[in-house]
Amino acid sequence: MDVYLYVFMAIMLVVGCYALLTTLLNIKHFKKLGNVQDLHDGPLVSVVIPARDEEKNIGRLLESLINQSYKNIEILVINDQSTDRTEEIIKSYSQRDSRVHYFETVPGQKLSKNGKINALLHIMPYAKGEYILATDADTVHAAECIAHSYAIMKKESLDIISGFPTEICPTFMGTVNISAMLLTNVFIPHYFVYRFPIPSACFAIGQFIMMRRNAYESTGGYSCIKGSICDDVGIVRLFVKNKKKYAMVSICNYVRCYMYSNTKEAFRGIERSIAGVIPPKVSTLVPVAIVVIALFHMGLCPIIAILLYIATNNTFAFWALIFGWLLFYLAWYISCRSTNSKKRISFACPLTVIQIAIMYLHAVYMQLSGKGFVWKGRPIK
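Residues numbered from 1 in each chain as written. Predicted model: local features only at pLDDT ≥ 70, side-chain atom pairs only at ≥ 80, totals over all residues. Heavy atoms only, no water.

### Structural notes on the sheet that holds strand 4 (residues 131–135)
Backbone hydrogen bonds hold the strands of a sheet together, and the pairing may be parallel or antiparallel. If you trace the 7 strands from one edge of the open sheet to the other, you get 3-2-1-4-8-6-9, paired in mixed fashion. Two strands close off the open sheet at either side, each with one partner strand: strand 3 (100–104) and strand 9 (246–248). Strand-to-strand twist of the sheet, defined as the mean angle between neighbouring strand axes without regard to direction, takes the value 20°. In this structure, strand 6 (residues 160–162) lies alongside strand 8 (residues 208–212), joined through 3 bridges in antiparallel fashion. By the bridge assignment, I161 is partnered in strand 8 with M210. (Pairing = 2+ DSSP bridges. Helix = DSSP H or I, 4+ residues; strand = E, 2+ residues; numbered from the N terminus. Axes fitted to C-alpha atoms, helices over the stretch in contact; angles between N-to-C directions.)

See below:
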């Protein structure tokens, strides 16, 4: 029992110190990258948007895009066999603003089994811009979004950037599930990866990915990641493998996302993203198991610490363990607040960590059972 306690204590102290240091250095890194003068004039930027049954969102997004301070843009929306009023809304905006262009996927013409990648592969050949912004139909962009993003890319000579929008969900548990993505800002040293790119350590959010067109074409783009569970992680790792310059940036003050409307949608959607980090298959069961066990320990740390104290009466180890956990908790809180998460979510660290473990276990079941994942009602296997 003492050995287990001391090992747990040591790991938690290391994790806590690492998480807090990484979080603070990441925030400093994001502030440095974002310290630019927004550029309102420049080359053509193509905004590409896959849309499937998005009548509740697409008008709000298009309204935000046509009102961008950066005017030299084209907005390409591909209707992916929607059954609601998505087509009607897109066409109404294309009549209102000549920069908005309507496209649609061809029924039965599958370029990828992944629904979103399939839609992106259909629309990307029509993008004429020197820069391409791939975004989702459930996002809303502040007027300075493209001007700010382009300024960052030009100043740092970047080929691809991504970042966390401000995530909005009407349910508490739905927001808890979505906040799982923020763990990447706690554990991935973006400041280090920026200088020494490691594909496996690169991360992206599909709600906002801006890339240089020449870099996209030279890597082969989405056609090279047809089998990816996650288009966002797949494309950024493809860029880095091909020696393209990448950075995660702070975009939460420029983009809002209404990704999921309830807890179930958030759970299923985020588990797909989690599965894209370490794909759950037979060859990865051991690392997945280690990650899940570690997550349960982190989420339940205070309870485990109390039980171990009762069993061993080891005051030093108990408080050292709690101290390590508090450091991790602080890192999580800072990360959440820096991305505009609500305070109640910032305080929900244990619940979020446990949810991540549960989502990973369910992702393993979905993948190994052959059921796979779903994007907008379409299977991804």
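### Some points on a nonpolar patch on the surface
There is a patch of nonpolar side chains on the surface, built from L300, I303, I306, L307, Y309 and I310 and spanning about 570 Å² of accessible area. With respect to the helices and strands, L300 occurs in the loop between helix 12 (285–299) and helix 13 (301–312). Given the relative accessible area of 33%, L300 is considered partly exposed. (Patch = residues over 30% accessible without salt bridge, like charges linked within 9 Å, V, L, I, M, F, W, Y side chains within 5 Å. Areas by Shrake-Rupley, 256 points an atom, 1.4 Å probe, with all protein chains shown as cover. Salt bridge = Lys/Arg side-chain N within 4 Å of Asp/Glu carboxyl O. Buried < 20%, exposed > 50% of the residue type's maximum accessible area, 1.4 Å probe, protein only.)

### Considering the sheet that holds strand 7 (residues 166–167)
A sheet is described by the order of its strands in space; here 3 strands give the open sequence 5-10-7, paired in mixed fashion. Looking at which strands have only one partner, the edges of the open sheet turn out to be strand 5 (139–141) and strand 7. Here strand 7 runs beside strand 10 (residues 255–257); their pairing, made up of 2 bridges, is parallel. In the sheet register, E167 faces strand 10, and the bridge partner there is C257.

### Observations concerning the environment of H190
Relative to the elements of secondary structure, H190 occurs in helix 8 (residues 190–195). Owing to a relative accessible area of 3%, H190 belongs among the buried residues under this scheme. Considered as a pair, H190 and A320 are 130 residues apart in the sequence and their alpha carbons are 28 Å apart. Those residues within four positions of H190 in sequence are excluded, and the remaining contacts are N26, H29, F30, T184, N185, Y246 and M248. (Contact = heavy atoms within 4.5 Å.)

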